[in-house]
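# Close look at the chain arrangement
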Amino acid sequence: MTIHHIHIGIDVSKRYLDIFDPRTGHARIENTPEAIAAWLDPLETATSFAVFEATGSYDAALRTGLQAAGLAFARLNPTQTRRFAQATGRLAKTDRIDAAMLADLGTRLQPGPSASGEPERERLGELGRRRDQLVDQRTAEKVRKQESGSADALVRDSLEAHIAWLDNEIARLDAAIAALIAGSEVLKNEAELLLTVPGIGKVTTTALLALMPELGHRKPGQIAALAGLAPFNADSGLLKGIRRIQGGRRRVRRALYMAAVTAARSNSRFKSIYQRLIAAGKPAKVAFIAVARKLLITLNAIVRDQKPYCP
């Protein structure tokens, strides 16, 4: 028997959730675990489907509550939802309007359910994001130190002290990330498989484990599109436009690009792919992106088959 879901649109903000249920209309609740649990308690979860935009940490309590209640949901890219609103003539934007728009989007487009979150992957993502922030700060401080030249001794001491502190904090996060992966049988097994691929190091592995839970569970084209590494056509009439990548998960794409640079210099088939593209006249950046896409597709197959990389 086919279950026809009632799509509930939820507009998420820091303090409130604006909810549009076609059966009961609009409601506003506080964005807290207690309020979310109280709202979900009388709801018929088997026939309901929630639709909301990805809003970083602001939708964390909502996702946790929906998962605990067993209510399926789609967590959508805000760009996609905004374009749907524009395409359906919704030019005004308020929390109430957005909630109703999201319910309509769910009914018309029938988005598939998002993968349930895993606490270990989510914590890994938080640790990885904080590490990225500190690495960026350290890079900036090293540039300032280099540019300071013969600046005041106090300035140099301040820069060196801050860089030393950042080194220590990054090391602490590296240790926490390693411990988290080692303590999870699933993450540990997946990490060991990923690390067998040329160019894939610990930082890229952390990004993939935390931000690509679909790895090994999607088709090659789908996994490339999720990372923003799938080239899209731009043809019209007789015009054959340049195929370009767009969208996707920026942090994953950046990690894979850096991995591709390393892999292209290794003694592996990825180097052959890079050299063939360069010989064909492709720009280096295009060649690296192609290698990054090939890396991701290879990683996807490795996790799917649970077999290490074999040249």
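Structure first, text after, so check above.
Scope of this entry: the structure provided in the associated data block. Remember, predicted model here, so these are calculated numbers, not experimental data. (Residues numbered from 1 in each chain as written. Predicted model: local features only at pLDDT ≥ 70, side-chain atom pairs only at ≥ 80, totals over all residues. Heavy atoms only, no water.)

The next subject is the pairing of strand β5 (residues 72-76). Here five bridges tie strand β4 (residues 48-53) to β5, and the two strands are oriented parallel to one another. Opposite V51, over in β5, you have A74 as the bridge partner. Regarding the hand of the β-α-β motif, the stretch spanning β4, helix α2 (residues 60-69) and β5 is right-handed. (Pairing = 2+ DSSP bridges. Helix = DSSP H or I, 4+ residues; strand = E, 2+ residues; numbered from the N terminus. Right-handed = clockwise from strand over helix to strand, strands pointing away.)

A few words now on the packing of aromatic side chains. Tallied over the entire structure, the rule returns four aromatic pairs. Both rings, one in Y257 and one in F288, keep their centres 5.8 Å apart while their planes meet at 70 degrees; by these two values the pair is edge-to-face. In this pair, Y257 is assigned in helix α10 (residues 250-263) and F288 in helix α12 (residues 284-305), connecting sequence segments 31 residues apart. When its relative accessible area of 24% is taken as the criterion, Y257 is described as partly exposed. A cation over an aromatic ring shows up here: R28 above the ring of Y16, its NZ or CZ 4.6 Å from the ring centre. (Phe/Tyr/Trp six-rings, centres within 6.5 Å; stacked < 30°, edge-to-face > 60°. Buried < 20%, exposed > 50% of the residue type's maximum accessible area, 1.4 Å probe, protein only. Lys NZ or Arg CZ within 6 Å of the ring centre and 35° of its normal.)

Turning our eyes to something else, we now look at the pattern of salt bridges. Going through the model one piece at a time under the given rule, you end up with 20 salt bridges. Close ionic contact of R108 with D104 constitutes a salt bridge, the shortest N to O distance being 3.1 Å. A residue pair is termed a helical-turn pair when its members lie 3 or 4 positions apart in one helix, as R108 and D104 do in helix α4 (residues 95-109) at four residues. The salt bridge involving R304 is made with D305; its shortest N-O contact spans 2.9 Å. Accessibility expressed as a relative area gives 41% for D305, which makes it partly exposed. Each of the salt bridges in this network shares a partner with another, and the network as a whole consists of D59, R63, R75 and E122. (Salt bridge = Lys/Arg side-chain N within 4 Å of Asp/Glu carboxyl O.)

Below, the discussion takes up the sheet that holds strand β3 (residues 25-30). Spatial ordering of the open sheet is given by β3-β2-β1-β4-β5, a layout of five strands whose pairing is mixed. Looking along the sheet, the strands with just one partner apiece sit at the ends: β3 and β5. Taken over all neighbouring pairs, the strand axes of this sheet differ in orientation by 20 degrees on average, direction set aside. In terms of strand pairing, strand β1 (residues 6-12) meets strand β2 (residues 16-21) through four bridges, oriented antiparallel. Bridge pairing in β2 places I10 opposite I19. (Axes fitted to C-alpha atoms, helices over the stretch in contact; angles between N-to-C directions.)

Turning next to the side chain of D11. Considering the arrangement of structural elements, one finds D11 in strand β1. Buried charge without a salt bridge: D11, with K93 as the nearest opposite-charge side chain at an N-O distance of 5.1 Å. (Lys, Arg positive; Asp, Glu negative; His and termini not counted.)

Further remarks concern the nonpolar core. Ranked by size, the top nonpolar core spans 44 residues in total, and within it L295 and L296 carry the most contacts. The element best represented in this core is α12, accounting for ten residues. Residues within four places of L295 in sequence aside, it is in contact with V197, P198, I200, L256, A259, A260, A263 and F270. Residues I29, W39, A50 and F73 belong to the second largest nonpolar core, which totals 17 residues. (Core = buried A, V, L, I, M, F, W, Y, C linked by side-chain atoms within 4.5 Å. Contact = heavy atoms within 4.5 Å.)

Looking now at helix α8 (residues 202-211). Here α8 lies mainly inside the structure; seven of its ten residues are buried. The inward-facing, buried residues of α8 contact α5 (119-148), α6 (153-182), α7 (185-194), α10 and α12.

With a phi close to 50 degrees, Q110 is a non-glycine residue in the positive phi region. Positionally, Q110 belongs in the loop between α4 and α5.

Let us look at the pairing of β1. For β1, the buried fraction is high: six of the seven residues fall into the buried class. Pairing of β1 with β4 involves five bridges; the strand directions are parallel. Residue pairing for β4: I10 is matched across the bridge by F52. Here β1 folds back onto β2 in antiparallel fashion, the turn holding three residues.

Residue pairs spaced three or four apart in an α-helix point in one direction, given the helix's 3.6 residues per turn. Listing the buried residues of helix α3 (residues 78-87) in full gives T81, F84 and A85. All buried residues of α3 project into a common sector of 100 degrees when viewed along the axis, lining one side. Facing away from the buried surface of α3 by more than 90 degrees, the exposed residues are R83 and A87. On its buried face, α3 sits against β4, β5 and α4. Of the residues flanking the start of α3, the one acting as N-cap is N77, its side-chain oxygen 2.8 Å from the backbone nitrogen of T79. Remark: G89 follows α3 within two positions and exhibits a positive phi of approximately 80 degrees. (Arc of directions from axis to C-beta. Polar contact = N/O pair within 3.5 Å; in protein donor to acceptor, adjacent residues only side chain to side chain.)

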